[in-house]
Amino acid sequence: MIVDLALCGGVPTFEQVLTAVLDETEAEYYCLAEEIKEKNDRLLNFIEASLPDTECEMIPHIEFKERTKEVKFAIRTGEFTPYPNIILRAGVAFPA
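Residues numbered from 1 in each chain as written. Predicted model: local features only at pLDDT ≥ 70, side-chain atom pairs only at ≥ 80, totals over all residues. Heavy atoms only, no water.

**A closer look at the pairing of strand E2 (residues 27–33)**
And then number 1: Of all 7 residues making up E2, 6 are buried, and the element is well covered by its neighbours.
And then number 2: Direction of pairing for E2 relative to strand E3 (residues 55–59): parallel, over a ladder of 5 bridges. Along E3, the bridge assignment pairs Cys31 with Glu57. (Buried < 20%, exposed > 50% of the residue type's maximum accessible area, 1.4 Å probe, protein only. Helix = DSSP H or I, 4+ residues; strand = E, 2+ residues; numbered from the N terminus. Pairing = 2+ DSSP bridges.)

In C-alpha cells, the structure reads:
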C-alpha cells in the first residue's frame, strides 16, 4: 500500500513526515541507502538526530530498492533532495 502525501515539489518534506511518523510510533531499526552519506549529508544528520540509539543499516541504493518490495506500506512525500528514503521497522512502545 502507498500513502501518497505529495502535494507538490517539496510539500510535505521528508523531515515533516518522518517527525510526524516518529511522534506516533516507535522504531527499533532503520535502513538507508549508503549513497546518502555523500549526496545528502543534511538529511542524514536529521535522520540520525531523530533516531538516536536506533539500529541502522546502510546498503547500496540498488539493494535498498529491492528491499522496498518487502515493506508493508510506503509513504510518498514531496521531497526533492537525493536519497530521501528510509525503511523503518516498528518497535513496541511500552507505557511508562
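**A look at the sheet that holds E2**
And then number 1: The strand order across the open sheet built from 3 strands is E3-E2-E5, with neighbouring strands paired in mixed fashion. Both edges of this open sheet fall to E3 and strand E5 (87–90), since each of them pairs with a single strand only. For this sheet, the mean angle separating the axes of adjacent strands, direction not counted, is 15 degrees.
And then number 2: Where E2 and E5 come together, 4 bridges link them in antiparallel fashion. Residue pairing for E5: Tyr29 is matched across the bridge by Arg89. (Axes fitted to C-alpha atoms, helices over the stretch in contact; angles between N-to-C directions.)

**Remarks on helix H3 (residues 41–50)**
And then number 1: Listed as buried for H3 are Leu43, Leu44 and Ile47. The buried side chains of H3 occupy one side of the element, clustering within an arc of 100 degrees when seen end-on.
And then number 2: Taken together, the buried residues of H3 touch helix H1 (14–24), E2, helix H2 (36–39) and E3. (Arc of directions from axis to C-beta. Contact = heavy atoms within 4.5 Å.)

**Some remarks on unusual backbone geometry**
And then number 1: Cis geometry is found at the peptide bond from Val11 to Pro12, where omega equals -10 degrees.
And then number 2: Along the chain, Pro12 turns up in the loop between strand E1 (2–4) and H1.
And then number 3: The backbone of Asp53 sits at a positive phi, close to 60 degrees, despite the residue not being glycine.
And then number 4: Relative to the helices and strands, Asp53 is located in the loop between H3 and E3.
And then number 5: You will see that Tyr83, though not glycine, has its phi angle at about 55 degrees, which is positive.
And then number 6: Relative to the helices and strands, Tyr83 resides in the loop between strand E4 (74–76) and E5.
And then number 7: Tyr83 sits in the partly exposed class, given a relative accessible area of 24%.

**Examining the packing of H1 against H3**
And then number 1: Orientation of H1 relative to H3, taken along the N-to-C sense of each, is 10 degrees, at an axis distance of 11 Å. Judged by the angle between their axes, H1 and H3 are roughly parallel. The segment H1 lies against H3, with Phe14, Glu15, Leu18, Thr19 and Leu22 engaging Arg42, Leu43, Phe46, Ile47 and Ser50.
And then number 2: Of the residues belonging to the contact of H1 with H3, the class tally is 6 nonpolar, 2 polar and 2 charged. (Parallel < 35°, antiparallel > 145°, perpendicular 65-115°, else oblique. Nonpolar A, V, L, I, M, F, W, Y, C, P; charged D, E, K, R; others polar.)

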